[in-house]
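# A structural walkthrough
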Amino acid sequence: MTTQKKNYTLPIIVMIFLFGMISFVTNLASPMGDILKFQFNVPNWMGTLGVFANFIAYAVMGYPAGNMLQKYGYKKTSLVAIAVGFVGVGIQTIAGLIDGPTAFGVYLLGAFIAGFSMCLLNTVVNPMLNKLGGGGNKGNQLIQIGGSFNSLCGTAVIILTGLLIPEGIKNAQISNVFPLMYAALLIFAFAFVVILLTNIPENKRENEAQKDESSKYGPLSFRHFVLGAIGIFVYVGVEVGVPNVLNKWLQDPGLNVLGDGVNAEAIAGSVAATYWFLMLIGRLLGGVVGSKVSARGMLSVAATIGVVLTLAAIALSPATSVSMPVFNGAGGFGLVQVPINAALLVCIGLCTSVMWGGIFNLAVEGLGKYTEKASGIFMVLVCGGGILPLLQNAVVDMTNGAGYLVSYWVVVAGLAYLLFYALVGSKNVNKDIPVE
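Residues numbered from 1 in each chain as written. Predicted model: local features only at pLDDT ≥ 70, side-chain atom pairs only at ≥ 80, totals over all residues. Heavy atoms only, no water.

Secondary structure summary: the protein chain contains 15 helices and 2 strands in total. Here the protein chain holds 436 residues, and 54% of them are scored as buried. Long-range contacts, defined here as pairs at least 24 residues apart, represent 82% of the contacts in the protein chain between residues at least 6 apart. A total accessible area of about 19000 Å² is found for the protein chain, and carbon and sulfur atoms account for 66% of it. (Helix = DSSP H or I, 4+ residues; strand = E, 2+ residues; numbered from the N terminus. Buried < 20%, exposed > 50% of the residue type's maximum accessible area, 1.4 Å probe, protein only. Contact = heavy atoms within 4.5 Å. Areas by Shrake-Rupley, 256 points an atom, 1.4 Å probe, with all protein chains shown as cover.)

Shown next, in the form of structure tokens:
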């Protein structure tokens, strides 16, 4: 007697859409920072409080989110995450209807609540896609596809925000981006209905008698998970740090890296954006080959190439230039001469594009019932995206602004660790721990 295999196509599609919403809502905070700055006449650091509110929620909610997923399962946790996201974006929308400084505080509250949702969604989406794909290479492939849609939405929201502000950023209002907020609310509502009506495969729950017996174990009992969690911290820091410092280096007026007669800010921003675009391309390729190439092999190759590209960028002279297609402000789109170092650093985007899925897949392999709590720990360590770039910029400051390329030794160290993890650290040496 054969059992019919369940079709999870619809929930997989919804999970991929939610993967995109994570980036859509998170990346909206970046251009919104400029809108807040001019609408409320606040300094730059206050304009970025929306981004801060989004990400500080990960540190607060990451571990509780994993516990919640373990206790209530994929379906209930995803429904809560979607509902919280709807509320968060809804509050941000309401901020656009309020006059005066109160609107600023209301928007930040909405951004903070939305951050909780993004953390919960990240906690749910990664293991659920892995589970719906049956784990292994297929699970890794679905995570890579989800990551591709994540990159696409993250890039699209920045472009769309610019298109919705026709009168210039100085006259921008929160209400200008209402169409994007309405779209997010609609997707959240649709996803809630689909998940509510879909049977989602869940891990077996521990009964009360088993809880005390198994309480001495957890995700941190597995060496390969602990090293993988550190890997996520390092990876997010590398991913954010590469374009962050690159953009500052290219537009530094004291160095004049790009030469006279050019719009350095526009070119630098476009070059950094190319990094994110290559991440999208890399994730699309990762989705295609994900079912044929192991997560260990993919991460090993990506980390090795990343180390080589970074070392070359540090060693070569910025006097050597190459042509890159960029948006040159009023000059439009075209080829511009940039230092070869910049071109090499941009290409690292192809490497970092596939790392999240690979690290996650390797770190949770063999964890069984501990997978949900492990996902929550991963979310806490997303804070590496703020700490490693800070360290990299500290290196620049210690060299009086002349050590931008020297700061990439931080990236080399991070990529070297990820290579170590792929080759050695990802092996499960704790197979004696019961996971059922």
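What follows picks up the thread again.
As a further point, take the confidence of the model for the protein chain. Detail in the predicted coordinates should be disregarded across regions flagged by low pLDDT. For the protein chain, per-residue confidence averages 82 on the pLDDT scale, and 87% of positions sit at 70 or higher. Here helix α7 (residues 208-214) stands out as the element of the protein chain with the lowest mean pLDDT, 44, in contrast to helix α15 (residues 409-425), whose mean of 96 is the highest. Low confidence marks residues 207-214, where pLDDT is under 50. Its contacts with residues over four positions away, or in another chain, come to 5 contacts. (pLDDT = per-residue confidence, 0-100.)

The next point concerns helix α14 (residues 384-398). Between its first and last C-alpha atoms α14 spans 21 Å; for 15 residues at 1.5 Å apiece the expected length is 21 Å, and the two agree. The complete set of buried residues in α14 reads Gly384, Gly385, Leu388, Pro389, Gln392, Asn393, Val395 and Val396. One side of α14 carries all its buried residues, which in axial view fall inside an arc of 155°. In α14, the exposed positions that point more than 90 degrees away from the buried face belong to Leu390, Asp397 and Met398. Next to the buried residues of α14 lie α8 (223-251) and α15. Note on α14: the residue one or two positions beyond its end, asparagine 400, has a positive phi of about 55°. (Expected span 1.5 Å × (residues − 1). Arc of directions from axis to C-beta.)

Time to look at the packing of aromatic side chains. Two descriptors summarise a pair of aromatic rings, namely the distance from one centre to the other and the angle between the planes of the rings. Under the counting rule described, the total for this entry stands at 9 aromatic pairs. Centroid distance phenylalanine 40 to phenylalanine 104: 5.4 Å. Interplanar angle 65°. Geometry classified as edge-to-face. Highlighted residues: phenylalanine 40 in the loop between α1 (9-39) and α2 (44-47) and phenylalanine 104 in helix α4 (residues 102-132), separated in sequence by 64 residues. Taken individually, phenylalanine 40 and phenylalanine 104 each receive the classification buried, so the pair is uniform in this respect. Plain terms: the ring middles of phenylalanine 178 and tyrosine 182 are 5.5 Å apart, the flat faces sit at 40° to each other, and that makes the pair tilted. (Phe/Tyr/Trp six-rings, centres within 6.5 Å; stacked < 30°, edge-to-face > 60°.)

A few words on a nonpolar patch on the surface. On the surface, Phe52, Ile56 and Val60 cluster together into a nonpolar patch covering about 260 Å² of accessible area. Secondary-structure assignment places isoleucine 56 in helix α3 (residues 49-95). (Patch = residues over 30% accessible without salt bridge, like charges linked within 9 Å, V, L, I, M, F, W, Y side chains within 5 Å. Salt bridge = Lys/Arg side-chain N within 4 Å of Asp/Glu carboxyl O.)

A separate point is α15. The complete set of buried residues in α15 reads Val410, Val411, Val412, Gly414, Leu415, Tyr417, Leu418, Tyr421, Ala422 and Gly425. Buried positions along α15 lie against α8, α10 (295-315), α12 (355-364) and α14.

With that settled, consider the side chain of threonine 352. Positionally, threonine 352 belongs in helix α11 (residues 340-352). Contact partners of threonine 352, with chain neighbours within four places excluded, come to Tyr235, Val238, Glu239, Tyr275 and Met279.

Let us now look at the nonpolar core. Counting residues in hydrophobic clusters, the biggest one holds 138 residues, and the most contacted among them are Val271 and Met355. No other element matches α4, which puts 18 residues into this core. Once you skip the residues sitting within four places of it in the chain, methionine 355 turns out to touch Tyr235, Leu299, Ala302, Ala303, Leu415 and Leu418. (Core = buried A, V, L, I, M, F, W, Y, C linked by side-chain atoms within 4.5 Å.)

What follows covers the environment of leucine 388. Within the fold, leucine 388 resides in helix α14. On a C-alpha basis, the gap between leucine 388 and valine 234 in space is 7.4 Å, while along the polypeptide they are 154 residues apart. The residues touching leucine 388, leaving out its near neighbours within four places in the chain, are Phe233, Val234, Gly237, Val238 and Val410.

You will see that asparagine 256, though not glycine, has its phi angle at about 50°, which is positive. Tracing the backbone shows asparagine 256 in the loop between α8 and α9 (264-289).

Our next topic: the environment of isoleucine 433. If you trace the backbone, isoleucine 433 turns up in the segment after α15. The exposure class of isoleucine 433 is buried, given its relative accessible area of 8%. Here the alpha-carbon distance between isoleucine 433 and glycine 366, two residues 67 residues apart in the chain, equals 9.7 Å. Setting aside anything within four residues of it in sequence, one finds isoleucine 433 in contact with Tyr217, Ser221, Phe222 and Tyr370.

We now examine the packing of α10 against α15. Where α10 contacts α15, the axes come no closer than 8 Å and their chain directions differ by 160°. Classified by the angle between their axes, α10 and α15 sit roughly antiparallel to one another. Here the hand of the crossing between α10 and α15 comes out left-handed. Contact with α10, carried on its side by Arg296, Leu299, Ser300, Ala303, Thr304, Gly306, Val307, Thr310, Leu311 and Ile314, involves Trp409, Val411, Val412, Leu415, Ala416, Leu418, Leu419, Tyr421, Ala422 and Leu423 of α15 and no other residues of that element. Classifying every residue of the contact of α10 with α15 by side-chain character gives 15 nonpolar, 4 polar and 1 charged. (Axes fitted to C-alpha atoms, helices over the stretch in contact; angles between N-to-C directions. Parallel < 35°, antiparallel > 145°, perpendicular 65-115°, else oblique. Left-handed = near helix turned anticlockwise from the far one by under 90°. Nonpolar A, V, L, I, M, F, W, Y, C, P; charged D, E, K, R; others polar.)

A word on the environment of valine 238. Tracing the sequence through the fold places valine 238 in helix α8. Residue classification places valine 238 among the buried residues on the basis of a relative accessible area of 2%. Taking C-alpha positions, valine 238 is 9.5 Å from alanine 413, a pair spaced 175 residues apart along the chain. For valine 238, the contacting residues outside a window of four places in its chain are Tyr275, Thr352, Leu388, Val411, Gly414 and Leu415.

Residue position: asparagine 341 is located in helix α11. When its relative accessible area of 0% is taken as the criterion, asparagine 341 is described as buried. A distance of 2.9 Å separates a polar side-chain atom of asparagine 341 from the backbone oxygen of leucine 316. Setting aside residues no more than four positions away along its own chain, asparagine 341 makes contact with Trp249, Ala313, Leu316, Ser317, Pro318 and Leu405. (Polar contact = N/O pair within 3.5 Å; in protein donor to acceptor, adjacent residues only side chain to side chain.)

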